[in-house]
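Secondary and tertiary structure notes
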Amino acid sequence: MSVTKWSSYSTAMDKLLKHRNDSLNPMAKCYLMVARDVADWDENSNTYNASIELYKHDSKIVGLCDVKDLIIEEIKKFLTEKGYDATQFEEDIWDNLMRGRSAQIAAELLEIALKDGTEE
């Protein structure tokens, strides 16, 4: 990995780990989402890979153009597992995400998860 590219990633990863460590769950698993595979991610010189995983959806790197559909797909899957008709939420989910209401959506999903006594 080039020095410039690694520098950008290390800055992002440092922020990710700081955010996690400052949170209420300092043992939470961290994921880094990248638009292209990082071929040397598993090399010994990468000290971050013990604390951070590269996010892959179905074992594939997610391209920027696919993010919207995958977010909606995952939220709908979660709602369906909890017994809700997820098709009625699709437009609302994306509309709220685009309006910067991701914290509100996360809180509502957590509330749904906790209703049946499980946290995901």
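Cut-offs and rules
Residues numbered from 1 in each chain as written. Predicted model: local features only at pLDDT ≥ 70, side-chain atom pairs only at ≥ 80, totals over all residues. Heavy atoms only, no water. Helix = DSSP H or I, 4+ residues; strand = E, 2+ residues; numbered from the N terminus. Buried < 20%, exposed > 50% of the residue type's maximum accessible area, 1.4 Å probe, protein only. Contact = heavy atoms within 4.5 Å. Areas by Shrake-Rupley, 256 points an atom, 1.4 Å probe, with all protein chains shown as cover. Patch = residues over 30% accessible without salt bridge, like charges linked within 9 Å, V, L, I, M, F, W, Y side chains within 5 Å. Salt bridge = Lys/Arg side-chain N within 4 Å of Asp/Glu carboxyl O. Lys, Arg positive; Asp, Glu negative; His and termini not counted. Charge placed at Lys NZ, Arg CZ, Asp CG, Glu CD. Expected span 1.5 Å × (residues − 1). Core = buried A, V, L, I, M, F, W, Y, C linked by side-chain atoms within 4.5 Å. pLDDT = per-residue confidence, 0-100. Phe/Tyr/Trp six-rings, centres within 6.5 Å; stacked < 30°, edge-to-face > 60°.

Moving on: the overall build of the protein chain. Counting secondary structure elements, the protein chain contains four helices and two strands. The buried share of the protein chain, reckoned over its 120 residues, is 25%. At a minimum sequence separation of 6, the contacts of the protein chain that also span at least 24 residues come to 44%. Here the protein chain has roughly 8,800 Å² of accessible surface; of this, 51% comes from carbon and sulfur atoms.

Take a negative patch on the surface next. A contiguous patch of negative charge on the surface is contributed by Asp58, Asp66, Asp69 and Glu73. Structurally, the position occupied by aspartate 58 is in the loop between β2 (52-54) and α2 (67-81).

Here the focus is the pattern of salt bridges. Evaluated as defined, the whole model comprises three salt bridges. Across the salt bridge formed by lysine 77 and glutamate 74, the nearest N and O atoms sit 3.3 Å from each other. You can see lysine 77 and its partner glutamate 74 sitting in helix α2, three residues apart, about one turn around the helix. The partly exposed category is assigned to lysine 77, whose relative accessible area is 38%. Looking at glutamate 74, the relative accessible area reads 31%, which means it is partly exposed.

This brings us to the environment of tryptophan 41. Relative to the assigned elements, tryptophan 41 resides in the loop between β1 (30-32) and β2. Overall, the relative accessible area of 8% leaves tryptophan 41 in the buried class. Residues tryptophan 41 and glutamate 53, twelve residues apart in the sequence, show an inter-C-alpha distance of 9.2 Å. Those residues in contact with tryptophan 41 that lie beyond four places of it in its chain are Met13, Leu32, Asn46, Tyr48, Asn49, Ile52 and Leu54.

The next subject is α2. Here α2 contains 15 residues, and its C-alpha end-to-end distance of 21 Å stays within 8% of the 21 Å for a straight helix at 1.5 Å per residue. Among all positions in α2, only Leu70, Ile72, Ile75, Phe78 and Leu79 are buried.

Below, the discussion takes up the nonpolar core. Counting eleven residues, the largest nonpolar core consists of Tyr9, Met13, Leu17, Cys30, Leu32, Val34, Val38, Trp41, Tyr48, Ile52 and Leu54. The greatest single-element share of this core, amounting to three residues, is contributed by helix α1 (residues 3-22). Membership of the second largest hydrophobic core comes to six residues, among which are Ile72, Ile75, Ala86 and Ile93.

Confidence along the protein chain averages 77 in pLDDT terms, with 73% of residues attaining 70 or more. Within the protein chain, the element-level pLDDT minimum falls on helix α4 (residues 102-115), averaging 67, and the maximum on β2, averaging 88.

The final tally for this structure, using the stated rule, is one aromatic pair. Aromatic pair tyrosine 31 and tyrosine 55: ring centres 6.3 Å apart, planes at 85°, arrangement edge-to-face. Here the residue tyrosine 31 occupies a position in strand β1, and tyrosine 55 occupies one in the loop between β2 and α2, the gap between them amounting to 24 residues. Of the residues examined, tyrosine 31 reaches a relative accessible area of 40% and is grouped as partly exposed.

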